[in-house]
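What the coordinates show
One-letter residues, chain by chain:
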Amino acid sequence: MTIENLKPEEARTLHRDTLAVRLAMEPSQYGENSEALFLTSGYVQSSAASSAARFAMEEEGFTYSRVGNPTVSSMEMRLAALEGTQAAVATSTGMAAILLLGMGLLRAGDHVVCSRSVFGSVIPLFSREFAKFGVETTFVAQTDVAAWKAAVQPNTKLLFAETPTNPLTEVCDIQALADIAHGAGAFLAVDNCFATPVLQRPVELGADFIIHSGTKFLDGQGRVMAGAICCTQKHRDEVFLPILRTAGMVLAPFNAWVILKGMETLALRVKAQSENALALAKWLEAQPQVARVFYPGLASHPQHALAMRQQGGCGGSVLSFEVRASDPEQARKRAFHVLDSMQLLSLCTNLGDTKTLLSHPASTSHGRLSEDQRLAAGISQGLIRVSVGLENIHDISADLSRGLNTL
Ligand SMILES: *Cc1c(COP(=O)(O)O)cnc(C)c1O
């Protein structure tokens, strides 16, 4: 018996490592061992009556890939199994997943409470785009539970958090935020992109919706863009799918297939990259040219204890550090010097890749903020973000030494 013959309830009794490589739609009549890529827009119908029943959602079956695709369904099933939710709905990008979440849950007159430290594009999505449709958003400090609570209004429908955050790795207490949301009759959505379900499963801590940018760790090799919302079957079928079918920000089958195969090695990659990140964080903390290291796995991190409890004792594989400097201008010059001295590692704003990627947040992801807004967000000119990959740790630190040693 193969897992494809197991009922979903039976499959759920298997361990996550097993589901990560096994759970998918049934193989085709050819019995392929690696899941097929169904690169098709349409599906031939066996009869006009069956076609009509499928379009009316009375009969299961595929009709058109904006409505559903077997490779995309496989990816959704596998991700839901890893997150521990009943279902998942895949989208073209991580930002499309957050757009779909808002379109599904919010209407004019509703209010959102959102962390101030969320991924850069999320802030204008809520404050500018959703505002056009009469949704108001209050932004609060990521780690200040009292501020989240104080921001809740009678019309609050959604609390939106991300943990750890980009690039300062601030950690929020998911359970505390879930309690605040549910006490107010609202939902909690958590962007789990940085920790991945390998380290943290927000649904077990009370979150209602889990957001993913599959572009990052789920793919893990920097190839395709993808996103997803993990949720209940009811939310998927009754709230999100009707919008997705209509609005069309669906995941392409090829991208779904890459993510599906990426998830098979997710746990191994995340664990190995996190081990490298911890070693690199400790090494950076010992360098005289480094003023500060931001990494939840270090005892010096303000939310270290919470992170260890919430993330299975692991800090993840993204860290940031500040080069030592006397003023912002010198700090920027020095950060640029470290980045331009690298011969091995990549200067690249993506993250979650098997290759180590570095970026300068103040001139890239946070480049459109004023200097005051940037400093309020804690993004100094000397800050460098590192998404730690799978290279040997000695080669990673040696490449960073080139610039640090010649400051
Ligand atoms: C990259 C990212 C997103 C957006 O995902 P895209 O796939 O780039 O649209 C959302 N949240 C976090 C935490 C991210 O890192």
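Each chain carries its own residue numbering, running from 1 in the written order of its sequence. In keeping with the model being predicted, local features are shown solely for residues with a pLDDT of at least 70 and side-chain atom pairs are shown and tallied solely at 80 or more, while totals for entire chains, interfaces and linings include all residues. Heavy atoms throughout the structure, all of them, feed into the side-chain values; hydrogens and water do not.

1. Notes on the sheet that holds strand 3 (residues 136-140)
Let me state the cut-off plainly: Following DSSP output, two strands are said to pair if at least two bridges run between them. Numbering of helices and strands runs from the N terminus; a helix is a DSSP stretch of H or I covering at least four residues, while a strand is a stretch of E covering at least two. Axis angles are defined between N-to-C directions and span 0 to 180 degrees, where every axis is a line fitted to C-alpha atoms and, for a helix, only to the segment in contact.
One open sheet holds the 7 strands; their spatial order is 1-7-6-5-4-2-3, and the pairing between them is mixed. Where the open sheet ends on each side, the last strands, each with one partner, are strand 1 (87-91) and strand 3. Averaged over neighbouring strand pairs, the angle between their axes works out to 20° when direction is ignored. As defined by bridge partners, strand 1 adjoins strand 7 (residues 227-231) across 5 bridges and the pair is classed as antiparallel.

2. Thoughts on the layout of surface pockets
Condition: Only protein atoms enter the 1 Å grid used here, on which a cavity is any set of points holding a 1.4 Å probe that cannot leave and a pocket is any open set flanked by protein within 12 Å on both sides along at least five of seven lines; residues with an atom within 4 Å of a point are listed as lining. Grid points are joined across faces, edges and corners, and a volume is the space filled by probe spheres set on the points. All amino acids are sorted into three groups, where Ala, Val, Leu, Ile, Met, Phe, Trp, Tyr, Cys and Pro are nonpolar, Asp, Glu, Lys and Arg are charged, and the leftover types, Gly among them, are polar. Marked domain ranges trace back to an automatic or database domain assignment.
Of the volumes computed, that of the second largest pocket is approximately 660 Å³. The wall of the second largest pocket is formed by 26 residues, among which Arg116, Ile123, His366, Leu369 and Ala377 lie closest to the centre. Going through the elements one at a time, helix 6 (122-129) and helix 15 (371-376) are the ones with two or more residues in the lining of the second largest pocket. The element best represented in the lining of the second largest pocket is helix 6, accounting for 3 residues. By residue class, the composition of the lining of the second largest pocket is 11 nonpolar, 11 polar and 4 charged. When residues of the lining of the second largest pocket are assigned to domains, at least three map to each of domain 1 (3-265) and domain 2 (267-404).

3. Section: the domain arrangement of the chain
Formally: Throughout, a residue-residue contact means that at least one pair of heavy atoms, one from each residue, lies within 4.5 Å. A 1.4 Å probe defines the accessible area here, and the buried area is the portion of it lost by two parts on being joined, summed over both. A 3.5 Å cut-off defines polar contacts: any pair of N or O atoms within that distance qualifies, except that in protein one atom must be a possible hydrogen donor and the other a possible acceptor, and neighbouring residues in sequence count only when both atoms are side-chain atoms.
Segmenting the chain into domains produces domain 1 (3-265) and domain 2 (267-404). The C-alpha centroid of domain 2 is placed 28 Å from the C-alpha centroid of domain 1. Across the boundary between the two partners, domain 1 contributes 30 residues, which contact 36 residues of domain 2. Buried surface at the junction of domain 1 and domain 2, summed over both partners, amounts to about 2600 Å²; 59% is from carbon and sulfur atoms. On the domain 1 side of the contact with domain 2, Leu168, Leu199 and Phe217 bury the most area, a combined 26% of that side's loss. The interface formed by domain 1 and domain 2 contains 13 residue pairs in polar contact (both at pLDDT 80 or more). With 3 residues, the top contributor of residues to the side of domain 1 that touches domain 2 is helix 9 (residues 196-199).

4. Focus: empty space enclosed by the protein
This structure, assessed with the given rule, holds 1 cavity of 30 Å³ or more. Its volume calculated, the largest cavity comes out at about 50 Å³. Along its surface, the largest cavity is lined by Pro164, Thr169, Phe194, Ala195, Leu199, Gln311, Gly315, Gly316, Ser317 and Val318. Within the lining of the largest cavity, the residues separate by chemical class into 5 nonpolar, 5 polar and no charged.

5. Focus on the nonpolar core
How we decide: By nonpolar core is meant a set of buried Ala, Val, Leu, Ile, Met, Phe, Trp, Tyr and Cys residues that side-chain atoms within 4.5 Å join together. Accessibility here uses a 1.4 Å probe with only protein chains present; expressed as a share of the type maximum, an area under 20% marks a residue as buried, one over 50% as exposed, and anything in between as partly exposed.
Judged by nonpolar contacts, the single largest core of 46 residues is most densely connected at Met75, Trp148, Leu159 and Leu188. Split by domain, the residues of this core number at least three in each of domain 1 (3-265) and domain 2 (267-404). In this view, Leu159 contacts Val113, Trp148, Val152, Leu177, Ile180, Ala181, Ala186, Phe187, Leu188 and Ala189; residues no more than four positions away in its chain are not counted. Counting residues in each nonpolar core, the second largest holds 28 residues, with Cys114, Val135, Cys231 and Met249 among its members.

6. Quick notes on the site of the ligand
Where we set the bar: Here, proximity means that at least one heavy atom of the residue falls within 4 Å of the molecule or strand. The Shrake-Rupley method, run with a 1.4 Å probe, gives the accessible areas here. Residue values count only the displayed protein chains as cover.
Around the ligand, the structure places 13 residues, and the nearest of them are Met95, Asp191, Ser213, Thr215 and Lys216. A distance of 2.9 Å separates an oxygen atom of the ligand from a polar backbone atom of Met95. Contact distances for the ligand include 2.8 Å between an oxygen atom and a side-chain N or O atom of Ser213. Here the ligand loses 94% of its free accessible area of 380 Å² to cover by the protein chains. When its residues are assigned to classes, the shell around the ligand shows 6 nonpolar, 4 polar and 3 charged.

7. Concerning the packing of helix 4 (residues 70-83) against helix 11 (residues 253-262)
What counts here: In this scheme, a crossing is called left-handed if the near helix is turned counterclockwise away from the far one by less than a right angle; it is called right-handed if the turn is clockwise.
Between helix 4 and helix 11, the least distance of the axes is 8 Å, while the angle of their chain directions is 35°. Note that helix 4 runs across helix 11; the crossing there is left-handed. Packed against helix 4, whose contacting residues are Thr71, Val72, Ser74, Met75 and Arg78, the element helix 11 presents Pro253, Ala256, Trp257, Ile259 and Leu260 at the interface. Taken together, the residues of the contact of helix 4 with helix 11 sort by class into 7 nonpolar, 2 polar and 1 charged.

8. Considering the UniProt feature "modified residue: N6-(pyridoxal phosphate)lysine" (unreviewed entry) in the chain
Formally: UniProt positions are given in the numbering used here, feature names are shortened, and annotations may be inferred rather than shown by experiment.
Mapped onto the present numbering, the UniProt feature "modified residue: N6-(pyridoxal phosphate)lysine" (unreviewed entry) falls at Lys216. Taking the relative accessible area as the measure of exposure, Lys216 reaches 11% and is therefore buried. For Lys216, the contacting residues outside a window of four places in its chain are Phe119, Cys193, Asn350, Leu351 and Gly352.

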